[in-house]
Amino acid sequence: MAERGVLERWLDKHNHKMELLRTLTSAIAAVASMVVLLIVW
């Protein structure tokens, strides 16, 4: 149970970094799919 508390605290501390990473990867995926669609079309 103590480990879970430590893990939850670490995740809370780094949550903004995870959100930024998720946003960046989503943006890259969107741009990549647009490029692929433009090339194929």
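A brief look at the structure comes next. (Residues numbered from 1 in each chain as written. Predicted model: local features only at pLDDT ≥ 70, side-chain atom pairs only at ≥ 80, totals over all residues. Heavy atoms only, no water.)

Helix and strand content of the protein: 1 helix and 0 strands. Overall, the protein is about 55 × 15 × 5 Å in size when its C-alpha atoms are taken along their principal axes. Counting every position in the protein, which comprises 41 residues, the buried fraction comes to 2%. For the protein, the accessible area works out to roughly 4200 Å², and carbon and sulfur atoms hold 72% of it. Computed over 5 positive and 4 negative side-chain charges, the inter-centroid distance for the protein is 4 Å. (Helix = DSSP H or I, 4+ residues; strand = E, 2+ residues; numbered from the N terminus. Buried < 20%, exposed > 50% of the residue type's maximum accessible area, 1.4 Å probe, protein only. Areas by Shrake-Rupley, 256 points an atom, 1.4 Å probe, with all protein chains shown as cover. Lys, Arg positive; Asp, Glu negative; His and termini not counted. Charge placed at Lys NZ, Arg CZ, Asp CG, Glu CD.)

Our next topic: a nonpolar patch on the surface. There is a patch of nonpolar side chains on the surface, built from Leu7, Trp10, Leu11 and Met18 and spanning about 380 Å² of accessible area. Following the sequence through the fold, Leu7 ends up in helix H1 (residues 2-40). Accessibility expressed as a relative area gives 49% for Leu7, which makes it partly exposed. (Patch = residues over 30% accessible without salt bridge, like charges linked within 9 Å, V, L, I, M, F, W, Y side chains within 5 Å. Salt bridge = Lys/Arg side-chain N within 4 Å of Asp/Glu carboxyl O.)

Turning to the pattern of salt bridges, a few remarks are in order. By the definition in use, this model includes 1 salt bridge. Among the salt bridges present, the one from Arg22 reaches Glu19, with a minimum N-O distance of 2.9 Å. With Arg22 and Glu19 both in helix H1, this residue pair falls 3 residues apart, about one helical turn. Take Arg22: its relative accessible area is 47%, and that puts it in the partly exposed class.

Note that Trp41 resides in the segment after H1. On a C-alpha basis, the gap between Trp41 and Leu7 in space is 47 Å, while along the polypeptide they are 34 residues apart.

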